[in-house]
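# Examining the three-dimensional arrangement
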Amino acid sequence: MDERSALRLLAADLPDAGDDAAVVDGLVVTTDMLHESTDFPAGTTRYTAGWRAVAASLSDVAAMGADATAAVAAYGAPSLDETELLEFVGGARDVCESVDAAYVGGDLDTHGEFTVATTALGETDAPLRRSGASPGETICVTGALGRSAAALRAFEAGDDERGNDLFRFDPRVGAGVGLRPHATAMMDSSDGLARSLHQLAEASDCGFEIEWDRLPVHDAVTEYATDGDDERAMAATFGEDFELVFTLPADAVDAAKNTVSVPLTAIGEVTDDGVVADGDPLPDEGYTHADD
């Protein structure tokens, strides 16, 4: 099974799952696992790995519209090298501090492959789910898309400094909290914009119609893309961008933009069914955490 098939299998027995994080009595909790062979390209520093691993879980907290409070990580590597370990913790601590959360420790072990499992905690009495979108609303994204795809191209080109810089994304915790009074449905784009739209459509029993020219594409995409089609794939289907994808009433867009400090871009509208871009079906393609 791929990841989504496995999640559907477990959904009946795990009613609190299905959103970016679980919410129990106002406590938001989420966990992620990353591996060197699939998540940390050659050239990734341990500082960047610490930042990115913890940021991935903080992004899930952001997608629930929650305030981030703390994070922990389980760190496994072939050897517990002092310099690598301290760099990892430095990255984890710094990304937590960037969203006013605390990095409070975790677990250590030797392991055949560098592997990190992170857990982040947050708080909210009004979580944002994936299931609240309605036809006629506007679909928006924060920030710019394609950052991680460009980072991978940078690593492949041997530009490790640029790759590490792009890999250290900012979790949108502040934006998530700011959007809480306005958004009707929200998730992060860790699986890519196209897949996120399909997931939101499934959860909200709706559709989406977006326009390619309205997508906010990261400047680095143009730097590393080979043609226009490549730019679209990097921005829409590669995934691992960790921006917020959300819906809200059309008349609330301006208020949301005035509330949130990061750029918000309206890319289309909520429809009754189907996920299309410029009138053509948008395939359900994106990042997959497990092989088919």
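Residues numbered from 1 in each chain as written. Predicted model: local features only at pLDDT ≥ 70, side-chain atom pairs only at ≥ 80, totals over all residues. Heavy atoms only, no water.

### Notes on the overall build of the protein chain
Regarding its fold elements, the protein chain presents 11 helices and 12 strands. Expected size for 292 residues packed as a compact globule is a radius of gyration near 19 Å; at 18 Å, the protein chain falls within 12% of this value. Overall, the protein chain is about 55 × 50 × 40 Å in size when its C-alpha atoms are taken along their principal axes. A burial count over the protein chain gives 50% of its 292 residues as buried. Here the analysis covers contacts within the protein chain between residues at least 6 apart in sequence; of these, 87% occur between residues at least 24 apart. (Helix = DSSP H or I, 4+ residues; strand = E, 2+ residues; numbered from the N terminus. Rg over C-alpha atoms; globule rule 2.2 N^0.38 Å. Buried < 20%, exposed > 50% of the residue type's maximum accessible area, 1.4 Å probe, protein only. Contact = heavy atoms within 4.5 Å.)

### Focus: the nonpolar core
Ranked by size, the top nonpolar core spans 52 residues in total, and within it Val54, Leu58, Phe88, Phe114, Leu179, Leu244 and Phe246 carry the most contacts. Broken down by element, the residue count for this core peaks at 10 residues, all from helix H3 (residues 46–63). In this view, Phe246 contacts Thr138, Ile139, Cys140, Val141, Thr142, Leu179, Ala183, Ala185, Met186 and Leu264; residues no more than four positions away in its chain are not counted. (Core = buried A, V, L, I, M, F, W, Y, C linked by side-chain atoms within 4.5 Å.)

### Focus on the pairing of strand S7 (residues 185–188)
Side chains Ala185 and Met187 of S7 all project onto a buried face; the interleaved residues Met186 and Asp188 project onto the opposite face, where all are buried too. For S7 and strand S9 (residues 244–248), the ladder comprises 4 bridges, and the chain directions are antiparallel. Bridge pairing links Asp188 to Leu244 in S9. (Pairing = 2+ DSSP bridges.)

### Here we look at the side chain of Thr30
Residue position: Thr30 is located in strand S2 (residues 27–35). In this structure Thr30 comes out as buried when scored by relative accessible area, which is 6%. Looking at Thr30, its side chain comes within polar contact range of the side chain of Asp60, at 2.9 Å. (Polar contact = N/O pair within 3.5 Å; in protein donor to acceptor, adjacent residues only side chain to side chain.)

### Topic: the state of the cysteines
Tallied over the full model, the rule gives 0 disulfides. Free cysteine: Cys140, not disulfide-bonded; nearest cysteine sulfur from Cys206 at 14 Å. (Disulfide = S-S within 2.5 Å.)

### Here's the deal with the packing of H3 against helix H4 (residues 82–98)
Here H3 crosses H4 at 40°, and the two axes come no closer than 6 Å. For the element pair H3 / H4, the angle class is oblique. As H3 runs across H4, the sense of the crossing is right-handed. When H3 is examined against H4, the residues Arg46, Tyr47, Ala49, Gly50, Trp51, Val54, Ala55 and Leu58 are found in contact with a partner set consisting of Glu84, Glu87, Phe88, Gly90, Gly91, Ala92, Asp94, Val95 and Cys96. Here the residues of the contact of H3 with H4 are counted per class, giving 10 nonpolar, 3 polar and 4 charged. (Axes fitted to C-alpha atoms, helices over the stretch in contact; angles between N-to-C directions. Parallel < 35°, antiparallel > 145°, perpendicular 65-115°, else oblique. Left-handed = near helix turned anticlockwise from the far one by under 90°. Nonpolar A, V, L, I, M, F, W, Y, C, P; charged D, E, K, R; others polar.)

### Considerations on the pairing of strand S8 (residues 207–210)
Taken together, the 4 bridges between S8 and strand S10 (residues 264–271) define a ladder with antiparallel strand orientation. Each residue of the ladder has a partner; that of Gly207, found in S10, is Thr271. Taken together, the 3 bridges between S8 and strand S11 (residues 275–277) define a ladder with parallel strand orientation. The residue bridging Ile210 from the neighbouring strand is Ala277, located in S11.

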